[in-house]
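# Coordinate analysis (summary)
The primary structure of each chain is shown beneath.
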Amino acid sequence: MTDEKKRNVKIKISNLFKNFGGDYVLNGFSLSLKKSESLCLIGTSGSGKSVALKCLIGLLSPDSGSITVDDQETIGQSRPQHEAMLKRFGMTFQFGALFDSLPVWENVTFRLRQKEKLNKKEAKEIAGDILSQLGLAHQVLELFPAELSGGMQKRVAIARAIADKPEILLFDEPTSGLDPITSGVINDLILNSVNRLGATTLTISHDMASVRQIADTVAMLHNGRIIWCGPIKDINHTGISEVDQFVNGKPYGPLTTNKRETLQTKQTEISV
Amino acid sequence: MGVFQSLGRSGLRLCHMIGSIALFIVFSLRWCLIPPFYGRQIVRQLIDVGYYSLPVVGLTTLFSGMVLALQSYTGFARFSAEDTVATVVVLSVTRELGPVLAGLMVAGRVGASIAAEIGTMRVTDQIDALETLSTRPMQYLVGPRLIAGTICLPILVLIGNIIGVFGGYLVGIYRLGFNSSVYLSKTLEFLEFSDVMLGLLKAAIFGFIIALMGCYHGYYSGRGAEGVGKATTNAVVSASILILIANYSVTALFFG
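Computed from a prediction, not measured in an experiment: that's the story for all the values here. (Residues numbered from 1 in each chain as written. Chains lettered and ligands numbered in written order. Predicted model: local features only at pLDDT ≥ 70, side-chain atom pairs only at ≥ 80, totals over all residues.)

### As for the overall build of chain A
- When helices and strands are tallied, chain A shows eleven helices and ten strands.
- For chain A, whose C-alpha radius of gyration is 20 Å, the value lies close to the compact-globule estimate of 19 Å for 272 residues.
- The principal-axis extents of the C-alpha atoms in chain A amount to approximately 65 × 50 × 40 Å.
- Long-range contacts, defined here as pairs at least 24 residues apart, represent 62% of the contacts in chain A between residues at least 6 apart. (Helix = DSSP H or I, 4+ residues; strand = E, 2+ residues; numbered from the N terminus. Rg over C-alpha atoms; globule rule 2.2 N^0.38 Å. Contact = placed C-beta atoms within 7 Å.)

Right under this line is the structure:
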């Protein structure tokens, strides 16, 4: 790798292995993200996308492998080093993971208040500004997460993730469970926020419409490793049948062969 | 062979649980003593654990004091020792009934609520979210609850003791016909400072146990609604059993 290319790499994940009870969910997972790149990680349900994301941010410890952020190894870091590293990340979870006991403004400014000891008025102003950029009115500031719709919760989760202007953003299925219009709005918001911050972004998604809207690069995870990684414009011409099946949403193909065989076996057993 | 296997498996599971609780205690105590201290969280927990438990503890000790006065009168009347009723009520309430009943009632109310809240946070990824926002979940969630449990229960028991003794007084005066000043003088005559302190020491230990079991079972809650339900049940059952064991141990230690 040339020096220029090496300097441009923000995150490099190499040969990651992670097993749960002997089943390897990540089996030699490798991926790299360039600075300010928006990469979407796709794959079938249960293929280990969320596990990969949790390993990257340190919520799970991989069995082996290496993860570097700006050429700095993150696996095996001391607690203070890990905490310093976490400050560079912003993450949204699949179901929002907003704090039920806190109103919206406290959710959004949670990290800022830990760091800067903002008073209530300042924190509300900051939360209001961020939320208005995401199309939410000031009236939601005092509401609790349970009082918000699914789309609003996703926006608040994005607001919380970007409030501290992180260098790296991780989105775990940001549009799951939303209608196509709200999904489109969320995708626009992600795109705008990412462009404004210049952040490196890793998004997990099943939704190919979202992927086409927000990704520069797409990587497909299958059997614990990346089977294809390339620019979004090439996604329809990979020549890999698994990618083709996933992208076109075909019910039968290499990704579902095992599942179909299992189903057929069960049906045979029942008829016998 | 199957019996030995399942016995061995249960033994290993028990050892694993004891080790894991011991580590949980060590880490949570450590995070209680290291800044940052989450003052607002501590105040919120003090209100949740202390203020909102007051009606339950008050009612429990009031009726316990009342029934104790009636029952001890029935018993002592058989060997003409009715005048000891006031002393028996105050000693039983301060040394034993106040702390144990308040502990069990708070275990049901607060232990369950702590386990359900933290368990729900676990299954909805809120604990992971705390971690990603550079906040230590043990320090933010467990520390304030342990502090609140340990501080609140002695205060609740102190108030419960006064209410329980007052309950005995009401029954003594209006139902059993004791003279008010005689009843009060008998109440205070044999009560020692160490009786009250022993009750409060027990209460502090019980408060710590309740918060610890709630936090531990919630923190390691299983997935889904079933996992949270089990965590809640386990928190209440284990806290109640540990309260009874700790009660005997502390009483035996200070016996005499």
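### As for the interface of chain B and chain A
- Between chain B and chain A, the residue contacts involve ten residues of the former and 14 residues of the latter.
- Taken together, the residues of the side of chain B that touches chain A sort by class into two nonpolar, five polar and three charged. (Nonpolar A, V, L, I, M, F, W, Y, C, P; charged D, E, K, R; others polar.)

### Here's the deal with the packing of helix α4 (residues 85-123) of chain B against helix α8 (residues 193-219) of chain B
Residue and element names in this part refer to chain B.
- Interaxial distance between α4 and α8 falls to 7 Å at its minimum, and their mutual angle equals 15°. Our classification of the angle between α4 and α8 gives roughly parallel. With respect to the hand of their crossing, α4 and α8 are arranged in right-handed fashion.
- Classifying every residue of the contact of α4 with α8 gives 18 nonpolar, nine polar and five charged. (Axes fitted to C-alpha atoms, helices over the stretch in contact; angles between N-to-C directions. Parallel < 35°, antiparallel > 145°, perpendicular 65-115°, else oblique. Left-handed = near helix turned anticlockwise from the far one by under 90°.)

### Let's talk about the confidence of the model for chain A
- Per-residue confidence for chain A gives a mean pLDDT of 85; residues scoring 70 or more make up 92%.
- Confidence, read as mean pLDDT per element, is least for helix α11 (residues 257-271) of chain A in chain A (51) and greatest for helix α4 (residues 104-108) of chain A (94). (pLDDT = per-residue confidence, 0-100.)

### A closer look at the sheet that holds strand β8 (residues 200-204) of chain A
All names here are of chain A.
- Judged by pairing direction, the sheet is mixed, and its six strands sit side by side in the order β6-β7-β8-β3-β9-β10 without closing on themselves. Here the strands that pair on one side only, and so sit at the sheet edges, are β6 (89-92) and β10 (225-231). Across this sheet, the average inter-strand angle for adjacent strands is 15°, counted without regard to direction.
- Alignment of strand β9 (residues 217-222) against β10, held across six bridges, turns out to be antiparallel. Bridging from a neighbouring strand, M220 pairs with W228 of β10. (Pairing = 2+ DSSP bridges.)

### Regarding unusual backbone geometry
- In the segment running from B:P35 into B:P36, the intervening peptide bond is cis, with an omega of 5°.
- When you line up the elements, B:P36 lands in the loop between α1 (2-33) and α2 (39-49).
- Phi at A:S36 is positive, roughly 65°, even though this residue is not glycine.
- Tracing the chain through its elements places A:S36 in the loop between β2 (23-34) and β3 (38-42).

### So, the environment of B:I118
All names here are of chain B.
- Note that I118 resides in helix α4.
- Taking the C-alpha atoms as reference, I118 lies 51 Å from A81; in sequence the two are 37 residues apart.
- Each residue touching I118, except ones within four places of it in the same chain, is listed here: L141, C215, G218 and Y219.

### Re helix α6 (residues 137-174) of chain B
Residue and element names in this part refer to chain B.
- Between its first and last C-alpha, α6 extends 53 Å over 38 residues, near the 56 Å set by a 1.5 Å rise per residue.
- At G143, α6 is deflected by roughly 30°, the largest bend along its length, and proline P144 occurs up to four residues later in sequence.
- In terms of burial, α6 is a largely internal element, 27 of the 38 residues being buried. (Expected span 1.5 Å × (residues − 1). Bend = angle between axes of the 7 residues up to and from the residue. Buried ≥ 20, exposed ≤ 12 C-beta atoms within 10 Å, placed from the backbone.)

### Overview of the packing of helix α3 (residues 54-77) of chain B against α4(B)
All names here are of chain B.
- Look at α3 against α4: their axes get within 9 Å of each other, and the N-to-C directions meet at 145°. For α3 against α4, the interelement crossing comes out right-handed. Taken together, the residues of α4 that come into contact with α3 (itself represented by V56, V57, T60, T61, S64, G65, L68, A69, S72, Y73 and F76) are V85, V88, V89, S92, V93, L97, G98, L101, A102, M105, V106 and R109.
- A breakdown of the residues in the contact of α3 with α4 according to their chemical character gives 15 nonpolar, seven polar and one charged.

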